[in-house]
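# Remarks on the overall topology
Each chain, letter by letter, is given below.
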Amino acid sequence: MNTNEPRLVLPVDKYNLKLLAQVRPTDYVNPAPSGRYNMVVIGGGTAGLATAMGAAGLGAKVALVEKQLLGGDSLNAGCVPSKALIRSARAAAELRDAAEYGMKLRGGYEVDFAAVMERMRRLRAEIAPVDGVKVLTDKGVDVFLGNGSFLSGNTVDVEGTRLEFARAVIATGTRAAVPSIPGIEAIEILTNENLFWLTELPKRLAVIGSGSTGAEMAQAFARFGSKVTVYDIASSFMPKEDRDASAIVRAAMAKDGVGFRLGVKEMEFSRAGDEIRIRVIENGHEQTDAFDKILMATGRVPNTEGLNLEGVGVKYDESGVVVNDRLCTTNSRIFACGDVASEFKYTHAADALARIVIGNALFFGTHPASQLNIPWTTFTDPEIAHVGVYGHAEEGQGLETMHFPFTDSDRAVLDGQSNGMIKLHIDKKGNIKGATIAAANAGEIIGEIVMAMNHRIKLGSLASDIHPYPTQSEIIKKCGDTYRQTMLTPTVEKFLKKLLKWRR
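Below is a summary of the structure that appears in this document. The structure presented is a predicted model; accordingly, all values stated were derived computationally and were not measured.

Mapped onto the elements of the fold, His386 is located in strand S20 (residues 383-388). On the basis of relative accessibility, which here comes to 0%, the residue His386 falls in the buried class. One polar contact links the side chain of His386 to the main-chain carbonyl oxygen of Gly388, over a distance of 2.7 Å. A polar contact of 2.9 Å, which involves the side chain of His386, links it to the backbone oxygen of Ala435. Contacts of His386, omitting those with residues within four sequence positions, involve Glu241, Ile374, Pro375, Trp376, Ala435, Thr436 and Ile446.

See below:
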């Protein structure tokens, strides 16, 4: 795909046309530059949109440049479409497992994949206006659709139009990484950019990579009825996550019919008629499997090409644009935020970093990005949510890990979702330094932990917060209660016994 050309969205139906009318309208004409801008933002994904609209809302004169679709991956090829599919897949799993809840489906059920994808396109089009041209222009942002690059330390070129700036922000995001695998040139692969164009369910789907995207889509498509196999060079599933949490998710995905080939070596693709074959060495043995489609989910690479970063003294590498803790690049007039400049490649992280950039770039702020407690969630079923340190980071830090299974949560048991757990990593004073949750609603529950970390609320204090019963978030209160019990030292216990004896 030529990244200098606007990305197409398929199929051409009323919903995708409605989407494009918002994020890449065919009749849109770029405005004439209105003098020197306080800020020019390159990139119209979450980070760029939040930066541009936030700065304009504070009175700054702002221009935003986008060469493809406004809304970036989050709207068009990431969070929004994937979560729509995940919801449909969860409905399919609920129908499949209805007997466990006392329900009988006498005629069975059938997944209408075309309808699932149409629902996704309809909902995406409904959400699109919040990222569209009209919202930006209504907020006072000059929108320029086209390829932007730096001409100098104070000028950006957009298809021959020059935009002068006092400050610039690079927010060009990332794209799917496609590794050089023998035979890959002979097949047409799927990435997150074209996965959501499908209208027919692949009977057999290979997912290369077991990170968040790979895990989420592997489970969803298995629930739709595809025969799915996940491949990874790592010897463990979801290798970047807590081992106990990833084991819980792997077991759930195996129940959904997902197969796994982990620790693979020497991967090679070939085509035999209409099918794609994957040959690997797994545990020292050669294995060959046949598929109809291949989804590549092997990470992300930064979009830094064509910006002329070298010409303006902005350093970058294979990880993205290099920034300091204030998100300033090696050119003091140019900042960067979002996926292109952060290890935290999440929509909510991009939004948080954009807020820091506005203050630091325009108002002489010194807000450090490193102080953010950024959570993330993988939206499998059950979900995995995490913030802060992991358990393996405890050594040498004097941290204690508290581990609670969701079998202790009445609501989780009643919901048939007790196959979860929470781990809290705390210091000697009871401050929470990290947490991992594997549970059906882990992404909703982790917010309470983030708030406690941000406001230095100790774990024991959470025992005083009243949670509605029965809810799964009540597990946080149970954690606080248990921690308080650990504080009951022999000396304190002896004192309390004497006090109670005196009170009789």
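Our next topic: the pattern of salt bridges. Within the structure shown, the criterion is met by 23 salt bridges. Residue Lys255 pairs with Asp97 through a salt bridge whose shortest N-O separation is 3.9 Å. Within this pair, whereas Lys255 is found in helix H8 (residues 243-255), its partner Asp97 is found in the loop between helix H4 (79-96) and helix H5 (113-127), the two being separated by 158 residues in sequence. A relative accessible area of 15% means that Asp97 is categorised as buried. Two residues, Glu100 and Lys255, come together in a salt bridge whose shortest N-O distance is 3.6 Å. Highlighted residues: Glu100 in the loop between H4 and H5 and Lys255 in helix H8, separated in sequence by 155 residues. By relative accessible area, Glu100 is classed as exposed at 54%. The network of salt bridges with common partners includes Arg96, Asp97, Glu100, Arg223, Lys255, Asp256 and Asp381.

Counting through the fold element by element, Val323 comes out in the loop between strand S17 (320-321) and strand S18 (334-336). Judged by its relative accessible area of 23%, Val323 is partly exposed. In this structure the C-alpha to C-alpha distance between Val323 and Phe335, which are 12 residues apart in sequence, comes to 7.4 Å. When near neighbours in sequence (up to four residues on either side) are disregarded, Val323 contacts Cys328, Thr329, Ala336 and Ala341.

A separate point is helix H7 (residues 212-224). Along its 13 residues, H7 runs 18 Å from first to last C-alpha, staying within 8% of the 18 Å computed at 1.5 Å per residue. When you tally the buried positions in H7, you get 11 out of 13 residues, the bulk of the element. Listing the buried residues of H7 in full gives Gly214, Ala215, Glu216, Met217, Ala218, Gln219, Ala220, Phe221, Ala222, Arg223 and Phe224. Phi turns positive one or two residues past the end of H7, at Gly225, with a value near 125 degrees.

Before going further, it helps to spend a moment on a nonpolar patch on the surface. Together, Leu8, Leu10, Val12 and Leu17 line one region of the surface with nonpolar side chains, adding up to about 400 Å² of accessible area. As for its placement among the helices and strands, Leu10 is situated in the segment before helix H1 (14-23). Exposure remark for Leu10: the relative accessible area of 35% places this residue in the partly exposed category.

A separate point is the pairing of strand S1 (residues 37-42). S1 sits mainly inside the fold: 5 of its 6 residues count as buried. Across 5 bridges, the pairing between S1 and strand S6 (residues 161-170) is parallel. By the bridge assignment, Val40 is partnered in S6 with Ala168. In this sheet, strand S2 (residues 62-66) lies alongside S1 in parallel orientation, the contact comprising 4 bridges. Residue pairing in the sheet places Val41 in a bridge with Leu64 of S2. Since S1 and S2 lie parallel, the crossover through helix H2 (residues 46-57) that links them has a hand, and here it is right-handed.

Let us now look at helix H9 (residues 347-362). Across its 16 residues, H9 extends 23 Å between first and last C-alpha, which sits within 8% of the 22 Å expected from 1.5 Å per residue. Those residues of H9 that fall on the buried side of the exposure criterion are Ala349, Ala350, Leu353, Ala354, Ile356, Val357, Ile358, Gly359, Asn360, Ala361 and Leu362. Buried positions along H9 lie against S1, H2, S6 and S18. Phi turns positive one or two residues past the end of H9, at Phe364, with a value near 55 degrees.

Criteria and cut-off values
Residues numbered from 1 in each chain as written. Predicted model: local features only at pLDDT ≥ 70, side-chain atom pairs only at ≥ 80, totals over all residues. Heavy atoms only, no water. Helix = DSSP H or I, 4+ residues; strand = E, 2+ residues; numbered from the N terminus. Buried < 20%, exposed > 50% of the residue type's maximum accessible area, 1.4 Å probe, protein only. Polar contact = N/O pair within 3.5 Å; in protein donor to acceptor, adjacent residues only side chain to side chain. Contact = heavy atoms within 4.5 Å. Salt bridge = Lys/Arg side-chain N within 4 Å of Asp/Glu carboxyl O. Expected span 1.5 Å × (residues − 1). Patch = residues over 30% accessible without salt bridge, like charges linked within 9 Å, V, L, I, M, F, W, Y side chains within 5 Å. Areas by Shrake-Rupley, 256 points an atom, 1.4 Å probe, with all protein chains shown as cover. Pairing = 2+ DSSP bridges. Right-handed = clockwise from strand over helix to strand, strands pointing away.

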